[in-house]
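Take a look at the letters that make up each chain.
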Amino acid sequence: MSSKLIYNEQQYTLDANKTLLENLESQSVSVEFHCRDGHCGACRSILVSGDVTYSNFPMAYLKEGEILLCCSRSEKNITIKTI
Ligand code: FES
């Protein structure tokens, strides 16, 4: 069974081999981004539930509970929303 990615209360499928940003883009979801490598913070989002791992070290400033979609992945169901 594939994992689920809930973004702004809409449900999408989650591919653990893609970043969360790539997952959303591949399912035609419009998401804010700029650098795509963890520096600018444009893709900051709120992690509602679940866990992420980072492929690039997240350089952008993050408040508690925030993640960067461009360089994070998840292997299990995850719920996120825009800031
Ligand atoms: S797009 Fe720049 S930190 Fe994610």
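Residues numbered from 1 in each chain as written. Predicted model: local features only at pLDDT ≥ 70, side-chain atom pairs only at ≥ 80, totals over all residues. Heavy atoms only, no water.

The subject of this paragraph is the environment of Leu-62. Relative to the elements of secondary structure, Leu-62 occurs in the loop between strand 4 (53-54) and strand 5 (66-68). Judged by its relative accessible area of 24%, Leu-62 is partly exposed. Discounting residues that sit within four places of it in the chain, Leu-62 has contacts with Arg-44, Tyr-54, Ile-67 and Leu-68. (Helix = DSSP H or I, 4+ residues; strand = E, 2+ residues; numbered from the N terminus. Buried < 20%, exposed > 50% of the residue type's maximum accessible area, 1.4 Å probe, protein only. Contact = heavy atoms within 4.5 Å.)

Following the criterion strictly, the structure yields 2 salt bridges and no others. Here Glu-25 makes a salt bridge to Arg-36, at a shortest N to O gap of 2.8 Å. Taken together, the positions of Glu-25 in helix 1 (residues 20-26) and Arg-36 in the loop between helix 1 and strand 3 (44-49) put the pair 11 residues apart, joining distant regions of the chain. What makes Glu-25 partly exposed here is its relative accessible area of 30%. Its relative accessible area of 34% is what places Arg-36 among the partly exposed residues. The closest approach of N and O atoms between Arg-44 and Glu-66, which form a salt bridge, is 2.8 Å. Taken as a pair, Arg-44 in strand 3 and Glu-66 in strand 5 lie far apart in primary sequence, 22 residues in all. Overall, Arg-44 belongs to the partly exposed group, its relative accessible area being 29%. (Salt bridge = Lys/Arg side-chain N within 4 Å of Asp/Glu carboxyl O.)

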